[in-house]
Amino acid sequence: MKKGDILEFDVTDINNLGCGVGRADGKVVFVKGAVTGDRVRASIIKDNKSYAVGRLDAVLCPSSHRERDEFCTAPLSCGGCVYRHVSYGHELTVKKNHVRAAFDKVGLSDVEVLDVVSTMQTGGYRNKAQYPVIKTKSGIRSGFYASKTHTVIPVDNCSIQNPIFADITKEVCALCDKLGITAYNEISGKGDLRHIYLRIAEATDEIMLCMVVNGWSLPCEKQFTEEITRRFPNVVSVMLNENTENTNVVLGKKYRTLYGNAYIEDILCGLRFRISPDSFYQVNRRGAELLYSLARDSAALSGGELLADLYCGTGTIGLSMAASVRELIGIEIVGGAVECAKQNAEYNGITNAKFFCGDASKPQTVLNATGGKCPDVVVIDPPRKGSTRELVECLAELGVPKVVYVSCDATTLARDCVWFREMGYDIGAVQPVDMFPRTGHVESVVSLTRQP
């Protein structure tokens, strides 16, 4: 096999990057856009010692798992929805298999992995979007970066974003052309507008528009806000974010309110949350409610427990359980998120919650926050890199009877579960949750119970 060869073969699997996996001439070949069960023709574009990469030329015999209807009109180079060409039922199977494989790889093949649960809303679920803008012959256009590049692909619509975002971005671009607001150029460092940043609160229908600009002002700000809010009455907050750095980081550190409040409000799990432009909030609200309800069920709270919420962010998971415990203690390393968590508790009249700023992976942080007391239940929701062995050892030494682990990465979840088993914990059934349909990501919840 060599680069440029054209081969025909059967696709027998698909990975979490959306690449079909087959074998040709005795070598594994990855083909983006191919589906398990396809017979394909592909041109080899990369040939390594252990595998090759092919470009899909034709689907000779389509799989029954291939999506019959076009899911999204955006170009394939967008790279966002890696499973856009796969039926949703098969996507859920693929995601379950991904979690299963992670546990098998670390020697936990005896752990049960349940079928993936989902809200079944595959489109329009994202409540947050950041659109780079470019200058074109027809004026300013918004879009997305092509996969692994900084090339902007003009896209009016994204199938997983809230549909109103497409209308707003088109209107913003038209207003920019009308008012003389220019598009930022990464090479020259010139131009006004870098990104259009949108958030929507699904339960209240409030929308925040944040203009990320190369400076501290925009031409005709008053006219811009008047026209955009007249066209879209649900836009209750218009913000300006200053980013003058030569960087690929979207947001700068300074904000200014051009219209309305510096936040929008949403309802999650029966609680009201204020969402500022830089605060963390789950991008799939319905998916988050499903995930949190599963975590709450796993905790099996009776009302008298001390609950510790580690890596708590803005406190959403712990606060959703606060009414069912005696006391809630949250720990988060990001200071701004801790302040948001305190405000969210106060805003909802929750008086039995305390939040501390510190590294939840460090045992001393946990001991300081809990006053050395042993929590009855610990919820951990670490970043993609997972938790640490020293934290697992700390929880075991304290004698924590139950840990509910919420994970965004099956590989690190499986690794950490090995540590928990070594420390005397039984591993319950793993429940995958599809928080991000059409993407390669899958969340999981598992209950870990200390052996008597």
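That block above? That's the structure.
Residues numbered from 1 in each chain as written. Predicted model: local features only at pLDDT ≥ 70, side-chain atom pairs only at ≥ 80, totals over all residues. Heavy atoms only, no water.

Can you lay out the overall build of the protein chain for me, pointing to particular residues and giving the numbers?
Scanning the protein chain from N- to C-terminus turns up nine helices and 22 strands. Rg of the C-alpha trace for the protein chain: 24 Å, near the compact-globule value of 22 Å for 452 residues, within the 12% margin. Projected onto its principal axes, the C-alpha coordinates of the protein chain cover approximately 70 × 65 × 35 Å. Residue burial in the protein chain is summarised as follows: out of 452 residues, 53% are buried. The contacts of the protein chain with a sequence gap of at least 6 include a subset with a gap of at least 24, amounting to 63%. Surface summary for the protein chain: the accessible area is close to 19,800 Å², and the carbon and sulfur share equals 50%. Put simply, the protein chain has 52 plus and 53 minus side-chain charges, and the middle of one group is 5 Å from the middle of the other. (Helix = DSSP H or I, 4+ residues; strand = E, 2+ residues; numbered from the N terminus. Rg over C-alpha atoms; globule rule 2.2 N^0.38 Å. Buried < 20%, exposed > 50% of the residue type's maximum accessible area, 1.4 Å probe, protein only. Contact = heavy atoms within 4.5 Å. Areas by Shrake-Rupley, 256 points an atom, 1.4 Å probe, with all protein chains shown as cover. Lys, Arg positive; Asp, Glu negative; His and termini not counted. Charge placed at Lys NZ, Arg CZ, Asp CG, Glu CD.)

Tell me about the sheet that holds strand S12 (residues 254-260), and please be specific about residues and values.
Judged by pairing direction, the sheet is mixed, and its seven strands sit side by side in the order S8-S7-S6-S9-S10-S11-S12 without closing on themselves. Each edge of the open sheet is held by one strand with a lone partner, namely strand S8 (152-154) and S12. With direction set aside, neighbouring strand axes in the sheet form an average angle of 35°. In this sheet, S8 lies alongside strand S7 (residues 139-145) in antiparallel orientation, the contact comprising three bridges. Residue pairing for S8: Tyr 145 is matched across the bridge by Val 152. (Pairing = 2+ DSSP bridges. Axes fitted to C-alpha atoms, helices over the stretch in contact; angles between N-to-C directions.)

Explain the environment of Asn 284 to me, using residue names and the numbers behind them.
Turning to its location among the elements, Asn 284 is positioned in the loop between strand S14 (271-275) and helix H4 (285-299). For the pair Asn 284 and Ile 164, spaced 120 residues apart in sequence, the C-alpha to C-alpha distance is 15 Å. The residues touching Asn 284, leaving out its near neighbours within four places in the chain, are Tyr 125, Asn 127, Met 435 and Pro 437. Among the polar contacts listed, one links the side chain of Asn 284 to the backbone oxygen of Met 435, at a separation of 2.8 Å. (Polar contact = N/O pair within 3.5 Å; in protein donor to acceptor, adjacent residues only side chain to side chain.)

With reference to specific residues and values, describe the packing of helix H7 (residues 363-370) against helix H8 (residues 389-398).
Interhelical geometry of H7 versus H8 gives an angle of 40° and a closest axis separation of 9 Å. Taken as axis vectors, H7 and H8 run oblique relative to one another. Two secondary-structure elements touch here, H7 through Pro 363, Val 366 and Leu 367 and H8 through Glu 390, Leu 391, Cys 394 and Leu 398. Residue classes in the contact of H7 with H8 are distributed as six nonpolar, no polar and one charged. (Parallel < 35°, antiparallel > 145°, perpendicular 65-115°, else oblique. Nonpolar A, V, L, I, M, F, W, Y, C, P; charged D, E, K, R; others polar.)

Tell me about the side chain of Gln 161, residues and numbers included.
Within the secondary structure, Gln 161 sits in the loop between S8 and helix H2 (164-179). Setting aside chain neighbours within four positions, we find Gln 161 in contact with Gly 124, Arg 126, Lys 128, Ala 129, Tyr 131 and Phe 144.

Break down the state of the cysteines for me, with residues and values.
Under the counting rule described, the total for this entry stands at zero disulfides. For Cys 417, which is in no disulfide, the shortest distance to another cysteine sulfur is to Cys 408 and amounts to 14 Å. (Disulfide = S-S within 2.5 Å.)

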